[in-house]
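A look at the structure
Each chain is listed here by its residues.
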Amino acid sequence: MQAESNFDKQKLLSAMAHGSVFISALVVSIGIPIAILVVSEDVLVKENAKEAINFHLNVWLVGGIIAILSFFTLGLLGFILGPIWLLVHWGFSIWAVVQCLQTPEKAFRYPFIFRLV
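Residues numbered from 1 in each chain as written. Predicted model: local features only at pLDDT ≥ 70, side-chain atom pairs only at ≥ 80, totals over all residues. Heavy atoms only, no water.

Details of helix 3 (residues 43–72)
The test is simple: Numbering goes from the N terminus for both helices and strands, where a helix is a DSSP run of H or I of at least four residues and a strand is a run of E of at least two. Under the convention used throughout, the expected extent of a helix is 1.5 Å for every residue step, that is, one less than its residue count. Here a polar contact is taken to be a pair of N or O atoms separated by no more than 3.5 Å, where protein atoms must pair a possible hydrogen donor with a possible acceptor and residues adjacent in sequence count only if both atoms sit in side chains.
A rise of 1.5 Å per residue sets the reference length of helix 3, with its 30 residues, at 44 Å; its end C-alpha atoms lie 44 Å apart and thus fit the reference within 8%. If you check the start of helix 3, you find a side-chain oxygen 3.0 Å away from the backbone N of Leu-44, and it comes from Asp-42. One or two residues past the end of helix 3 sits Leu-74, with phi positive at roughly 55 degrees.

Shown next as structure tokens:
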């Protein structure tokens, strides 16, 4: 019974780390995976939290680049790239949450991101 409880806790914490991107686009949302990284003792949960932190940083970096390009093109590129980027980063986040719930024995790795943490 205890092992099943730890397994459910592991799935929940991993999914929460990746799902935190849906809370807000503010700096507050990165606090959830940081808190999970600090509090958790499970290696797999820590891996998922690190990956979620890296994904947050990448989302902000690409969003900043799109904002700068939008400024220089008078909003044209932002109008095109903004919704595409929103769909991509929400799609990756949904994929990560689903993978954490379906295969909790393996840490999720986002494709095409820079890993700083």
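Re the packing of helix 2 (residues 31–39) against helix 3
Our working rule: Structural elements are reduced to axes, namely lines fitted to C-alpha atoms, with helices fitted over the stretch in contact, and the angle between N-to-C directions of any two is expressed from 0 to 180 degrees. Orientation categories follow fixed angle ranges, with anything under 35 degrees roughly parallel, anything over 145 roughly antiparallel, 65 to 115 roughly perpendicular, and all other angles oblique. Two helices cross in a left-handed way if the nearer one is turned anticlockwise from the farther one by less than a right angle. They cross in a right-handed way if the turn is clockwise. The contact rule is simple, with two residues in contact once any of their heavy atoms fall within 4.5 Å. Gly is placed with the polar residues, together with every amino acid not listed as nonpolar (Ala, Val, Leu, Ile, Met, Phe, Trp, Tyr, Cys and Pro) or charged (Asp, Glu, Lys and Arg).
Axis separation between helix 2 and helix 3 bottoms out at 9 Å; the angle between their running directions is 155 degrees. What the angle tells us is that helix 2 and helix 3 run roughly antiparallel. Between helix 2 and helix 3 lies a crossing of left-handed hand. Between helix 2, through Pro-33, Ile-34, Ile-36 and Leu-37, and helix 3, the contact on the second element is made entirely by Val-45, Lys-46, Ala-49, Lys-50, Ala-52, Ile-53 and His-56. Class assignment of the residues belonging to the contact of helix 2 with helix 3 gives a composition of eight nonpolar, one polar and two charged.

Thoughts on the side chain of His-18
Counted only if it meets this: Under the scheme applied here, a residue whose accessible area is under 20% of the maximum for its type counts as buried, over 50% as exposed, and between as partly exposed, the area being computed with a 1.4 Å probe on protein chains only.
Its location among the elements puts His-18 in helix 1 (residues 2–19). Look at His-18 and you get buried, because its relative accessible area is 2%. Within the structure, the side chain of His-18 is placed 3.1 Å from the side chain of Asn-48, a separation counted as a polar contact. Apart from the residues within four sequence positions on either side, His-18 is in contact with Asn-48, Glu-51, Ala-52, Ser-93, Ala-96, Val-97, Cys-100, Phe-108 and Tyr-110.

Focus on a nonpolar patch on the surface
For the record, the criterion: Excluding any residue in a salt bridge, patches collect residues exceeding 30% relative accessible area, merging like charges within 9 Å and nonpolar Val, Leu, Ile, Met, Phe, Trp and Tyr side chains within 5 Å. Method for areas: the Shrake-Rupley scheme with a 1.4 Å probe, in which residue coverage is limited to the protein chains shown. Here a salt bridge means any side-chain nitrogen of Lys or Arg lying within 4 Å of a carboxyl oxygen belonging to Asp or Glu.
Together, Leu-61, Ile-65, Leu-69, Phe-114, Leu-116 and Val-117 make up an exposed nonpolar region whose accessible area comes to about 600 Å². The residue Phe-114 is located in the segment after helix 4 (76–102) in this model. For Phe-114, a relative accessible area of 58% corresponds to the exposed category.

Remarks on the environment of Val-62
Within the fold, Val-62 resides in helix 3. Sequence-wise, Val-62 and Gly-82 are 20 residues apart; in three dimensions their C-alpha atoms are separated by 9.8 Å.

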